[in-house]
Structures are given as C-alpha cells and as structure tokens.
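Analysis of the macromolecular model
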Amino acid sequence: QRTKGDIKRALLAVLKSKPLADVSIAEVAREADISRTTFYTHYDCLASVYDELVLDFQDDIQTLHEHLDCVTCRNSQELVPLCEKARHPGDFEAVLADPRFMSTWFHVSKGTVMKEYEQALVGSGLSPHQAQAVVTFQLSGCMATARSHLGKLEDWGDIQRTLDAFIAGGLAAIKG
C-alpha cells in the first residue's frame, strides 16, 4: 500500500506540470523513486493510477441524494458536496484540471457516488437512461460552475443555494 501511495503522489506531482497524456511511466517511477518493474507490480498503466486518484478524490463527497435531501448533512465535516470539493480540491487540483477528468470520473464512479442517486431516480419513475442523463447533467453543471469564475466569488453560498433550489425544482417536476 505504501508503494501504491508513493506512485499516486508521484503522478499528482507530475500532473502539476503536464496533462496525463504527456506523462510517462518512467517519469512517475523516477518521481516515486522506484523502478519501472516495481510500478508494473502495482499498476498495469498510468490510466489505472489516474483512475484510483479520481476515486480518491470522491472519497469524502456526499452523494447527490444526501446533499439535496439532508440539510444537516451539509454541515458535516466528514462529507462535502461535490461543488464545494471541486472549488477546493486540494492535492487533487491537477487531477481535476486534466482534460480526461470528467469522462474518467463518470466511468469509475458508476458504482459509488452516482449509483444510489440514479437508483432513486429510477424508483421515482425515470428510465435508467433518463436517470443517467439527469445525474450526468447535474454533475457536469456542478463541476463546470464550481470550477469557473463563479466558484471563486464571495457569494458562492448564495449561488450554491440557488443551484440546489433549481435542481430540487427540476426533480420535483420530474416526480410530478
């Protein structure tokens, strides 16, 4: 586990200066102070390391369902809304800045953050594809807004409450 952590930290460091597409295993191995053989003992390619970093990013994110349904959860120190995490990604800044973040996130998080929410939407009458579309729309919009100049404004709390009300209204209309 220590070596895997070293490899992930090394990829984070290298991503600060270039996109994943331009990174080599040799660079990451050198940054992690390991051999390429050791790298391959733990991962088959850089995309696998990146996928794990994306999953690590979402470790402390509230599910969409929790965020919209639980006002008291929003004050939790353990879990944060996606928009807030996107505004302040900490060590994951380079991961979110990489062009493949969103597509990777949708791919690797199918069984985690999004699944429960999609199931709730299907339970309220949407088809699986409609539920996927709603979740994709919400997550993409949240991420784009939080990462734009709007996420840096002092009145972000008001912006987030407005977006939450908009989403809640849309969900209420769907559930009819």
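Residues numbered from 1 in each chain as written. Predicted model: local features only at pLDDT ≥ 70, side-chain atom pairs only at ≥ 80, totals over all residues. Heavy atoms only, no water.

Evaluated as defined, the whole model comprises six aromatic pairs. Both rings, one in F57 and one in F101, keep their centres 5.5 Å apart while their planes meet at 90 degrees; by these two values the pair is edge-to-face. Here the residue F57 occupies a position in helix 4 (residues 46-57), and F101 occupies one in helix 8 (residues 101-108), the gap between them amounting to 44 residues. Grouping residues by exposure puts F57 and F101 together as buried. Aromatic rings pair up to connect F57, F92, F101, W105 and F106 into one cluster. Over the face of the ring belonging to F57 we find K85, whose NZ or CZ atom lies 4.9 Å from the ring centre. (Phe/Tyr/Trp six-rings, centres within 6.5 Å; stacked < 30°, edge-to-face > 60°. Helix = DSSP H or I, 4+ residues; strand = E, 2+ residues; numbered from the N terminus. Buried < 20%, exposed > 50% of the residue type's maximum accessible area, 1.4 Å probe, protein only. Lys NZ or Arg CZ within 6 Å of the ring centre and 35° of its normal.)

Attention now moves to helix 2 (residues 25-32). Those residues of helix 2 that fall on the buried side of the exposure criterion are I25, E27, V28, A29 and A32. Within two residues after helix 2, D33 carries a phi angle of roughly 60 degrees, on the positive side.

Despite not being glycine, D33 shows a phi value in the positive range, around 60 degrees. Here D33 lies in the loop between helix 2 and helix 3 (36-42).

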